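Structural overview for review
So the chains spell out like this:
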Amino acid sequence: MSNEIYIAPSVLSTDLERLAEQVTAVERGGADWIHVDVMDGHFVPNLTFGPALVAALRRVTELPLDVHLMVERPEWYIAPFADAGAAVFTFHPETTAHVHRQLEQVRACGMLAGLALNPGTPLSYAEEVIDDLDLLLIMTVNPGFPAQRYIPAITKKVRRARQLLAARGSRARLEVDGGIGRDTIAAVHQAGADTFVAGSAIFRSADPESEVEELRRRCYTVV
Ligand code: DX5
Ligand code: ZN
């Protein structure tokens, strides 16, 4: 049984000079979380934001800030992002030697703890720490850039992830990230995802404010 649907617009696709205005628009439009992609130029070939942006967003919106770390040594950034006001802290298992310890640290800092799996990373990484997860993020593209194409083969992995969470009695949210939009959201919702990151589908649409509800509505399209 999946949870209530959450839509998490990703600020990576905003026009940065209009960041506050665009985040306020999707908040008005019913967004549940604001997704913030943190990239270090090592784990992924791109550079983006740090805790200062999260602190600025904290002053702009009431919505929980869903921070996705695509960086080596995420342990260095747990306290800084907690202090900046992040609500969710998600990292990739390849980036630290001590996944379990870092998940505990994230919770100890008062944030929800998330683990993110790249398309080529097995679901079994999550199996070992399932009781320590508040969120499991299945990447539906290879991380690094917005506006990539959803990888259809990952729909089956999302279904297996939902089965795993159910079998283990986990209440963790099941999030998907990458290429989520009008044409892809229904299949991945029906596979069991309950939390949907969308960057370009929202901020590159004609009306980002209404696109949030349009995506939520599209979850129920017959596929
Ligand atoms: C991908 C990032 C995503 C990105 C998604 O590397 O983790 O969160 O913002 O962008 P879209 O929705 O455009 O694929
Ligand atoms: Zn992301």
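Residues numbered from 1 in each chain as written. Chains lettered and ligands numbered in written order. Predicted model: local features only at pLDDT ≥ 70, side-chain atom pairs only at ≥ 80, totals over all residues. Heavy atoms only, no water.

**Observations regarding helix α1 (residues 19–28)**
Defined as follows: Throughout this description, buried means an accessible area under 20% of the type-specific maximum (1.4 Å probe, protein chains only), exposed means over 50%, and partly exposed covers the range between. In DSSP terms, a helix is any run of H or I states spanning at least four residues, a strand is any run of E spanning at least two, and both are numbered starting from the N terminus. Each direction from the helix axis to a C-beta atom contributes to the arc, which is the arc of those directions. Whether two residues are in contact is decided by their heavy atoms: any pair within 4.5 Å suffices.
Of all the positions in α1, only L19, Q22, V23, A25 and V26 are classed as buried. With its buried residues spanning 155 degrees around the axis, α1 presents them on a single face. Next to the buried residues of α1 lie β1 (6–9), β2 (34–39), α2 (51–60), α8 (200–203) and α9 (208–218). Backbone geometry just after α1 places G30 at a positive phi near 100 degrees.

**Some words on the sheet that holds β1**
Note: strands within a sheet are paired through backbone hydrogen bonds, in either parallel or antiparallel orientation. Heads up, the condition is: Paired strands are those between which DSSP finds at least two bridges. For helices, the fitted axis covers only the stretch in contact; all axes are lines through C-alpha atoms, and the angles between them, taken along N-to-C directions, range from 0 to 180 degrees.
Sheet architecture is open: eight strands sit in the order β1-β8-β7-β6-β5-β4-β3-β2, paired in parallel fashion. Unpaired on one side and paired on the other, β1 and β2 mark the two borders of the sheet. With direction set aside, neighbouring strand axes in the sheet form an average angle of 25 degrees. Along the sheet, α2 makes contact with β2 and β3 (65–70), crossing β3 at roughly 170 degrees. Along the sheet, helix α4 (residues 99–108) makes contact with β4 (88–91) and β5 (112–117), crossing β5 at roughly 145 degrees.

**Topic: the side chain of K157**
Heads up, the condition is: Note on charges: Lys and Arg go in the positive column, Asp and Glu in the negative column, and His and the chain ends are not counted at all. When a carboxyl oxygen of Asp or Glu lies within 4 Å of a side-chain nitrogen of Lys or Arg, that pair is called a salt bridge.
Topologically, K157 is positioned in helix α6 (residues 154–167). No salt bridge is formed by the buried K157; the nearest opposite charge belongs to E94, separated by 8.2 Å. When neighbours within four sequence positions are excluded, K157 is seen to be in contact with L117, N118, P119, T121, L123 and I138.

**Focus on the site of ligand 1**
What counts is decided by this rule: Nearness of a residue to a molecule or strand requires only that one of the residue's heavy atoms be within 4 Å of it. Under the grouping applied here, Gly and all other residues not named as nonpolar or charged are polar, the nonpolar ones being Ala, Val, Leu, Ile, Met, Phe, Trp, Tyr, Cys and Pro and the charged ones Asp, Glu, Lys and Arg.
D37, G144, D177, G199 and S200 are the nearest of the 20 residues found near ligand 1. With three residues, β2 is the single largest residue contributor to the shell around ligand 1. Of the residues assigned to the shell around ligand 1, the class counts are ten nonpolar, eight polar and two charged.

**Focus: the packing of α1 against α2**
We count it as follows: In what follows, roughly perpendicular refers to angles from 65 to 115 degrees, roughly parallel to angles under 35, roughly antiparallel to angles over 145, and oblique to any angle outside these ranges. Crossing handedness follows the turn of the near helix against the far one: under a right angle anticlockwise gives a left-handed crossing, and clockwise gives a right-handed one.
Two elements in contact, α1 and α2, have axes separated by 10 Å at closest approach and are oriented at 55 degrees. Relative to α2, the element α1 lies oblique. Crossing geometry of α1 relative to α2 is assigned as right-handed. Residues L19, A20, V23, T24 and E27 of α1 pack against L53, L57 and V60 of α2. Counted by class, the contact of α1 with α2 contains six nonpolar, one polar and one charged residues.

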